[in-house]
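What follows is the residue order along each chain.
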Amino acid sequence: DSGVKEQYKIFFQLWARSTENAELRRRLAAMYAELCQVGSDLIRTAIDRGILKPSIDPDGLSRMLASTFDGLLIQWHFNPNLDLVAAWRRFVDHLFEGIRVGGAANRTSNRS
């Protein structure tokens, strides 16, 4: 999708410029902090509802999700044939299979 490609190009430009522009860096850091806070809140809600394991660190998982997506953007930049959406979905599916209450990791550990 050309709209997504334009957005990620802007992201890369902003990241690069933020290395020399303290105000831009501050704004991007605030944006990331807000994004991670929203993610943490959603993860806490999932834990409270018994969807995710209570041992999950919401803040750490939220940062990991944001970082993984950033990494996929970089891979997509260098390999435009990568299906970004499919790669993200596979990652999330694998991750949540392991951290979801009743997920594969639970079934494996309960066999012993």
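To be clear, the structure that these remarks concern was listed above.
Residues numbered from 1 in each chain as written. Predicted model: local features only at pLDDT ≥ 70, side-chain atom pairs only at ≥ 80, totals over all residues. Heavy atoms only, no water.

Trainee: Teacher, can you tell me more about the overall build of the chain here?
Mentor: Broken down by element type, the chain carries five helices and zero strands. From first element to last, N terminus to C terminus, the chain shows the α and β order α-α-α-α-α. Taking 112 residues into account, the globule formula puts the C-alpha radius of gyration at 13 Å, and the chain, at 17 Å, lies well above it. With the principal axes as the frame, the chain shows a C-alpha extent of 55 × 35 × 20 Å. Taking contacts inside the chain between residues at least 6 apart in sequence as the whole, the part at least 24 apart equals 43%. (Helix = DSSP H or I, 4+ residues; strand = E, 2+ residues; numbered from the N terminus. Rg over C-alpha atoms; globule rule 2.2 N^0.38 Å. Contact = heavy atoms within 4.5 Å.)

Trainee: Quick question: what am I supposed to make of the pattern of salt bridges here?
Mentor: Tallied over the full model, the rule gives six salt bridges. Salt-bridge contacts for Arg-26 lead to Glu-23; the nearest nitrogen and oxygen are separated by 2.6 Å. On the criterion of helical spacing, the pair formed by Arg-26 and Glu-23 is a turn pair, its members being three residues apart in helix α2 (residues 22-48). Taking relative accessible area as the criterion, Arg-26 reaches 48% and is therefore assigned partly exposed. Residues Glu-97 and Arg-100 are paired through a salt bridge, measuring 3.2 Å at the closest nitrogen-oxygen approach. (Salt bridge = Lys/Arg side-chain N within 4 Å of Asp/Glu carboxyl O. Buried < 20%, exposed > 50% of the residue type's maximum accessible area, 1.4 Å probe, protein only.)

Trainee: Explain the side chain of Lys-53 to me, please; I cannot follow it from the model alone.
Mentor: Along the polypeptide, Lys-53 turns up in the loop between α2 and α3 (58-78). Buried and unpaired, Lys-53 has no salt bridge, with Glu-97 as the nearest side chain of opposite charge at 9.1 Å. A polar contact of 2.8 Å, which involves the side chain of Lys-53, links it to the backbone oxygen of Gly-98. (Lys, Arg positive; Asp, Glu negative; His and termini not counted. Polar contact = N/O pair within 3.5 Å; in protein donor to acceptor, adjacent residues only side chain to side chain.)

Trainee: Help me out: how do you make sense of helix α4 (residues 84-99) in this one?
Mentor: For an α-helix the count is 3.6 residues per turn, leaving residues at separations of three or four pointing the same way. In this model, α4 (16 residues) spans 23 Å end to end at C-alpha, consistent with the 22 Å of a helix rising 1.5 Å per residue. Residues of α4 that are buried include every one of Leu-84, Ala-87, Val-92, Leu-95 and Ile-99, and no others. Taken end-on, α4 shows its buried residues confined to a sector of 130°, consistent with a single buried face. Exposed residues on α4 whose side chains face more than 90 degrees from its buried face are Arg-89, Asp-93 and His-94. N-cap assignment for α4: the residue whose side-chain oxygen lies 3.3 Å from the backbone N of Val-85 is Asp-83. (Expected span 1.5 Å × (residues − 1). Arc of directions from axis to C-beta.)

Spatial relationships are all this shows, so hold off on functional conclusions.
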